[in-house]
Each structure stands twice: as C-alpha cells, then as structure tokens.
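The lines below spell out each chain.
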Amino acid sequence: MKKDKSYSEMMKACAMAGNQLKKSFVADIYIEMLLLEIQLNKEKEILINAINEALDVKDEQMFMELTSRYNQLMKRYGS
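About the thresholds
- Residues numbered from 1 in each chain as written.
- Predicted model: local features only at pLDDT ≥ 70, side-chain atom pairs only at ≥ 80, totals over all residues.
- Heavy atoms only, no water.
- Helix = DSSP H or I, 4+ residues; strand = E, 2+ residues; numbered from the N terminus.
- Patch = residues over 30% accessible without salt bridge, like charges linked within 9 Å, V, L, I, M, F, W, Y side chains within 5 Å.
- Areas by Shrake-Rupley, 256 points an atom, 1.4 Å probe, with all protein chains shown as cover.
- Salt bridge = Lys/Arg side-chain N within 4 Å of Asp/Glu carboxyl O.
- Buried < 20%, exposed > 50% of the residue type's maximum accessible area, 1.4 Å probe, protein only.
- Axes fitted to C-alpha atoms, helices over the stretch in contact; angles between N-to-C directions.
- Parallel < 35°, antiparallel > 145°, perpendicular 65-115°, else oblique.
- Left-handed = near helix turned anticlockwise from the far one by under 90°.
- Contact = heavy atoms within 4.5 Å.
- Nonpolar A, V, L, I, M, F, W, Y, C, P; charged D, E, K, R; others polar.

**Student:** Whenever I open this one, the environment of Ala13 confuses me. Can you help?
**Tutor:** One can find Ala13 in helix α1 (residues 7-56). Once the C-alpha coordinates of Ala13 and Glu37 are considered, the two residues, 24 residues apart in sequence, prove to be 36 Å apart.

**Student:** Mind showing me how you'd approach a nonpolar patch on the surface here?
**Tutor:** On the surface, Tyr30, Ile31, Leu34, Leu35 and Ile38 cluster together into a nonpolar patch covering about 520 Å² of accessible area. Its place among the elements puts Tyr30 in helix α1. The exposure class assigned to Tyr30 is exposed, which follows from its relative accessible area of 54%.

**Student:** Before we go on, may I ask you to explain the pattern of salt bridges in this structure?
**Tutor:** Opposite charge on two side chains lets them pair, provided their charged atoms get close. Scanning the model with the defined rule gives one salt bridge in all. In this structure, Glu43 and Arg76 form a salt bridge, with 3.2 Å as the shortest nitrogen-oxygen distance. Note that Glu43 is positioned in helix α1 and Arg76 in helix α2 (residues 60-76), a separation of 33 residues in sequence. Glu43 sits in the partly exposed class, given a relative accessible area of 25%.

**Student:** What is the right way to look at the packing of α1 against α2 in this model?
**Tutor:** The geometry of a pair of packed helices is captured by two quantities: the angle between their axes and the separation between those axes. Where α1 contacts α2, the two axes come as close as 9 Å, and the packing angle between them is 160°. The orientation of α1 relative to α2 falls into the category roughly antiparallel. The element α1 and its partner α2 pack so that their crossing is left-handed. Together, Leu40, Glu43, Lys44, Leu47, Ile48, Ala50, Ile51, Ala54 and Leu55 of α1 and Met62, Phe63, Leu66, Thr67, Arg69, Tyr70, Leu73, Met74 and Arg76 of α2 make up the contact between the two elements. Residues of the contact of α1 with α2, tallied by class, amount to 13 nonpolar, one polar and four charged.

See below:
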C-alpha cells in the first residue's frame, strides 16, 4: 500500500525547499559581490601603480590618461 504525505507535511517540505532557494540566491549574490570587489581592488592597484610610474618618469600625458581611467572606474563602482 502506498503511503502519501499529509497536507501539512507537503507544506513543510515546500517551505523548506523555498528557504533553500532563498539561501542559495543570497549566497550567489554574496559571491558575485565578493568577486566584483576583488576585481575592483585589482584594477585600482594596477592603475595606481601605473599612475605612480607616470609620476616617476614625469609623463604628464600618461598621468592624465590614467587618472581619468581611475576616476571612471571609481564612478562605475560608486566609490
């Protein structure tokens, strides 16, 4: 004989599945935010090093271009 789940058991199972989906969604968002933060920090580091190099060699044109790119990066990420 086949035993079916009661209505309350089915509702609990659905609620638990919904909670798992929410947790998974939040985890995915957190991972994406973390990766974006890592990318931003790496891009900033590269630009800052290049800006410092342009200052060291007194290359005004390169300095202006790099600082413009740095400012665009900060605007893009809201920093």
